[in-house]
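Chain by chain, the residues run as shown.
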Amino acid sequence: MAGTQSKSSGGRAKGATKARGAMKNVPALVEFSKEEELNAYREMLFIRRFEEKAGQLYGMGLIGGFCHLYIGQEAVVVGMEMAKEKGDQMITSYRDHAHMLACGMDPNGVMAELTGRRGGLSKGKGGSMHMFSKEQEFYGGHGIVGAQVALGTGLAFANRYKENGKVSMAFFGDGAANQGQVYESFNMAKLWNLPVIYVIENNKYGMGTSIERASSTTDLSQRGASFGIPGVQVDGMDVRAVKAATDYAMEWCREGNGPYILEMITYRYRGHSMSDPAKYRSKDEVQKMRSEHDPIEQVRARLLEKEWASEDELKAIDKEVRGVVAASAEFAQNDPEPDPSELYTDIVL
């Protein structure tokens, strides 16, 4: 019996040492090639312009219900998408339009779903939080806070069961980081060493409450420490830092080491949703983030400094992106509404 305890303790100690090493070895960032910088710039700008247009349509009354915009956080999903392999899965919360666009879902279908039209990705019946794509391995945005964490853990369980080498990425916010189901998922994931990256998109505010007021410990990357899950804080406003950390976490999971936590320190410029006036923070705070840490402007500045693109070339990219977004908005406003009979389809009894 004593021998068994000693062996077990030794195994835990070895695992703890490896986990500590995993936290120290994550590179701060990776230098991008010209092609990577341009791709990151285009993808982040596309998400920004799409979300701006969605906000306009919501203001015009063409989008109903809830609408949570991703403006300011673009580097997180774009950097992680750059590190993905085909077959890796993504699941997130209700702030989900960017994730859909980043993984390649049709912008016409996304925008049409927001306006409740027939050509929407859920046939106009789901709206903002209810779009999925098996083809792109996107398993939805979820309106129940923290619910997607358990589902993302289930995706990782399937990957391990099938031994397919794929990794699940479960995104959730700083507000959801205090949910009980998150820690039940952590325990199961580490117990079975499931290949899942828990991505905490810490944009500093859970609805209208700052993380300092809502969480007794604000280093969310260490929330898995009691389970033996390593984690790091990442500059979520720098797409290169996101890519570097995700590359490391992906390798960690693919090697069979179990789950990993990436806390992306980011910031949303708009309110929690379109109905949130965001009076709980100052305009100066938002402006400071926009002027000093904007993820798109950082890439833009590097492209110009390295002479990898001219002002005119970057304006051309913006014009192209705006054209795609305008076309999606046009489609979403003119596509027919679903036939009433559609209410009775896709029902599981």
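Not measured: the values here are computed from a predicted model.

### Here we look at the pairing of strand E4 (residues 196–202)
- Counting buried residues along E4, seven of its seven residues qualify, which places the element largely inside the surrounding structure.
- Covered by surrounding structure in E4 are Val196, Tyr198, Ile200 and Asn202 together with Ile197, Val199 and Glu201, the residues of both alternating faces.
- Where the polypeptide runs from strand E3 (residues 168–173) across helix H7 (residues 180–191) and back to E4, its parallel neighbour, the crossover connection is right-handed.
- Summarising the sheet, E4 and strand E8 (residues 260–265) pair through six bridges and their orientation is parallel. The residue of E8 that forms the bridge with isoleucine 197 is tyrosine 260.

### Quick look at the sheet that holds strand E1 (residues 89–92)
- Judged by pairing direction, the sheet is parallel, and its six strands sit side by side in the order E2-E1-E3-E4-E8-E7 without closing on themselves. Edge positions in the open sheet fall to strand E2 (138–141) and strand E7 (231–235), since each of these has one partner strand only. Mean inter-strand twist for the sheet, computed between neighbouring axes without regard to direction, equals 20°.
- Bridging between E1 and E2 involves two bridges; their strand directions are parallel. Pairing of threonine 92 across the sheet is with glycine 141, part of E2.
- Relative to the sheet, helix H3 (residues 74–83) contacts E1, E3, E4 and E8, its axis offset from that of E4 by approximately 160°.
- In this fold helix H6 (residues 147–162) packs onto E1, E2, E3 and E4, with an angle of close to 170° to the strand it touches most, E3.

### Observations regarding the packing of helix H2 (residues 34–59) against helix H5 (residues 107–114)
- Following both chains from N to C, one finds H2 and H5 inclined at 25°, their axes separated by 11 Å at the closest point. Classified by the angle their axes make, H2 and H5 are roughly parallel. The way H2 lies across H5 gives a crossing that is right-handed. For the pair H2 and H5, the contacting residues are Phe46, Phe50, Lys53, Ala54 and Leu57 in the first and Pro107, Val110, Met111 and Leu114 in the second.
- The class makeup of the residues in the contact of H2 with H5 is eight nonpolar, no polar and one charged.

### Description of the pattern of salt bridges
- According to the stated counting rule, one finds 21 salt bridges in the structure shown.
- Close ionic contact of glutamate 85 with arginine 254 constitutes a salt bridge, the shortest N to O distance being 3.8 Å. Of the two residues, glutamate 85 is situated in the loop between H3 and E1 and arginine 254 in helix H9 (residues 239–254); the sequence distance between them amounts to 169 residues.
- Owing to a relative accessible area of 42%, glutamate 85 belongs among the partly exposed residues under this scheme.
- Overall, the relative accessible area of 27% leaves arginine 254 in the partly exposed class.
- Two residues, lysine 134 and glutamate 137, come together in a salt bridge whose shortest N-O distance is 3.6 Å.
- Look at glutamate 137 and you get buried, because its relative accessible area is 15%.
- By sharing partners, the salt bridges in this structure join Glu31, Asp238, Arg240 and Lys306 into a single network.

### As for the nonpolar core
- In this structure, Met80, Ile197 and Leu262 are the most contacted members of the largest nonpolar core, which totals 69 residues.
- By size, the runner-up hydrophobic cluster in this structure holds 19 residues, among which are Ile91, Ala189, Ile200 and Ile261.

### Topic: H3
- Buried residues dominate H3, accounting for eight of its 10 residues.
- Of the positions making up H3, those classed as buried are Glu74, Ala75, Val76, Val77, Val78, Gly79, Met80 and Ala83.

### Quick look at the packing of H2 against helix H11 (residues 295–305)
- Here H2 crosses H11 at 145°, and the two axes come no closer than 9 Å. Both H2 and H11 take part in a crossing whose hand is left-handed. Two secondary-structure elements touch here, H2 through Glu37, Leu38, Tyr41, Met44, Leu45 and Arg48 and H11 through Pro295, Ile296, Val299, Arg300, Arg302 and Leu303.
- Tallied by class, residues from the contact of H2 with H11 come to eight nonpolar, no polar and four charged.

What counts, and where the lines are drawn
- Each chain has its residues counted from 1, running along the sequence as written.
- Given that this is a predicted model, residues contribute local features only at a pLDDT of at least 70 and side-chain atom pairs are listed and counted only at 80 or more, while totals for whole chains, interfaces and linings are drawn from all residues.
- Values shown for side chains rest on all heavy atoms present in the structure; no hydrogens or waters enter the calculation.
- Each residue gets one of three labels from its accessible area relative to the maximum for its type: buried under 20%, exposed over 50%, partly exposed in between, using a 1.4 Å probe on protein chains only.
- Only DSSP runs of H or I reaching four residues or more are called helices, and only runs of E reaching two or more are called strands; each is numbered from the N terminus.
- We call a crossover right-handed when, viewed with both strands directed away from the observer, the connection leading from the first strand over the helix to the second proceeds clockwise.
- Here, a strand pair is defined by DSSP locating no fewer than two bridges between the strands.
- Fitted lines through C-alpha atoms serve as axes, helices being fitted only where they are in contact, and the angles separating the N-to-C directions of these axes extend from 0 to 180 degrees.
- We call two residues in contact whenever any of their non-hydrogen atoms come within 4.5 Å of each other.
- Orientation categories follow fixed angle ranges, with anything under 35 degrees roughly parallel, anything over 145 roughly antiparallel, 65 to 115 roughly perpendicular, and all other angles oblique.
- Note on convention: the crossing is left-handed when the near helix lies turned anticlockwise from the far helix by less than a right angle, right-handed when the turn is clockwise.
- Gly counts as polar in this scheme, as do all residues outside two lists: the nonpolar Ala, Val, Leu, Ile, Met, Phe, Trp, Tyr, Cys and Pro, and the charged Asp, Glu, Lys and Arg.
- By definition, a salt bridge exists where a carboxyl oxygen of Asp or Glu is found within 4 Å of a side-chain nitrogen of Lys or Arg.
- Put simply, buried Ala, Val, Leu, Ile, Met, Phe, Trp, Tyr and Cys residues joined by side-chain atoms within 4.5 Å make one nonpolar core.

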